[in-house]
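Below are the chains, spelled out letter by letter.
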Amino acid sequence: MKLRKLAITDATLERSPGQDGEIYVGNLVDERHGGPVTIGYGRWAAGSSLTETMAVDDIMIVLKGRLSVTTEDGTVTAGPGEIVYMPKGETVTIRADEEDVVTAYVTYPHWREAQG
């Protein structure tokens, strides 16, 4: 894999696997590119939420808007420039409450393989 600069305009956003909400993801680096991690962008419509047990370690960087992440230990809210780390095995509910949210993410290992 060679040096690359990534932008949200490079991503093809698809509905996030396993849910029916207005949550979209677009991988720019993953197992198909030979990278050791998955890197991409996400778009969450206002009012959308997702509950799942993390199959991989996931780092989400909020670029626009605010979202909340809830576990049995409590809730954190993150806005632009803030990072949320969700470890493998943690059950989380991610919610975009009042506005659309744009995120970037990095997962290890690849989330497509982990869900397979």
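Residues numbered from 1 in each chain as written. Predicted model: local features only at pLDDT ≥ 70, side-chain atom pairs only at ≥ 80, totals over all residues. Heavy atoms only, no water.

### Focus on the overall build of the chain
- Within the chain, the regular secondary structure consists of 1 helix and 10 strands.
- Ordered by position in the sequence, the α and β elements of the chain form the string β-β-β-β-β-β-β-β-β-β-α.
- The C-alpha atoms of the chain give 13 Å as radius of gyration, which agrees with the globular expectation for 116 residues (13 Å, within 12%).
- Summarising its shape, the C-alpha atoms of the chain cover approximately 40 × 30 × 25 Å along the three principal directions.
- Taking all 116 residues of the chain together, the buried fraction comes to 37%.
- Contacts in the chain between residues far apart in sequence, at least 24 positions, make up 64% of those at least 6 positions apart.
- Here the chain has roughly 6,700 Å² of accessible surface; of this, 50% comes from carbon and sulfur atoms.
- With 11 positive and 18 negative side-chain charges, the chain shows a spacing of 9 Å between the two charge centroids. (Helix = DSSP H or I, 4+ residues; strand = E, 2+ residues; numbered from the N terminus. Rg over C-alpha atoms; globule rule 2.2 N^0.38 Å. Buried < 20%, exposed > 50% of the residue type's maximum accessible area, 1.4 Å probe, protein only. Contact = heavy atoms within 4.5 Å. Areas by Shrake-Rupley, 256 points an atom, 1.4 Å probe, with all protein chains shown as cover. Lys, Arg positive; Asp, Glu negative; His and termini not counted. Charge placed at Lys NZ, Arg CZ, Asp CG, Glu CD.)

### Considering the sheet that holds strand 6 (residues 67-71)
- Strand order across the open sheet formed by 4 strands is 4-9-6-7, with antiparallel pairing between neighbours. Because the sheet does not close on itself, it has two edges, and the strands there are strand 4 (49-53) and strand 7 (74-78). The mean inter-strand angle of the sheet, taken between neighbouring strand axes irrespective of direction, is 20°.
- With 5 bridges connecting them, strand 6 and strand 7 associate as antiparallel partners. Residue pairing in the sheet places Ser68 in a bridge with Thr77 of strand 7. (Pairing = 2+ DSSP bridges. Axes fitted to C-alpha atoms, helices over the stretch in contact; angles between N-to-C directions.)

### Some thoughts on the nonpolar core
- Formed by 15 residues in total, the largest nonpolar core has its most connected members in Trp44, Met60, Leu67, Val69, Met86 and Ile94.
- Broken down by secondary-structure element, the contributors of at least two residues to this core are strand 5 (57-64), strand 6, strand 8 (83-86) and strand 9 (91-95). (Core = buried A, V, L, I, M, F, W, Y, C linked by side-chain atoms within 4.5 Å.)

### Thoughts on the environment of Asp10
- Structurally, Asp10 is set in the segment before strand 1 (14-15).
- C-alpha separation for the pair Asp10 and Asn27, spaced 17 residues apart in sequence, amounts to 9.4 Å.
- The residues touching Asp10, leaving out its near neighbours within four places in the chain, are Lys5 and Leu28.

### Looking at the pairing of strand 5
- Where strand 5 and strand 10 (residues 101-108) come together, 7 bridges link them in antiparallel fashion. Bridge pairing in strand 10 links Ile61 to Ala104.
- Summarising the sheet, strand 5 and strand 8 pair through 4 bridges and their orientation is antiparallel. Pairing of Ile59 across the sheet is with Tyr85, part of strand 8.

That's the geometry; what it means functionally is another story.
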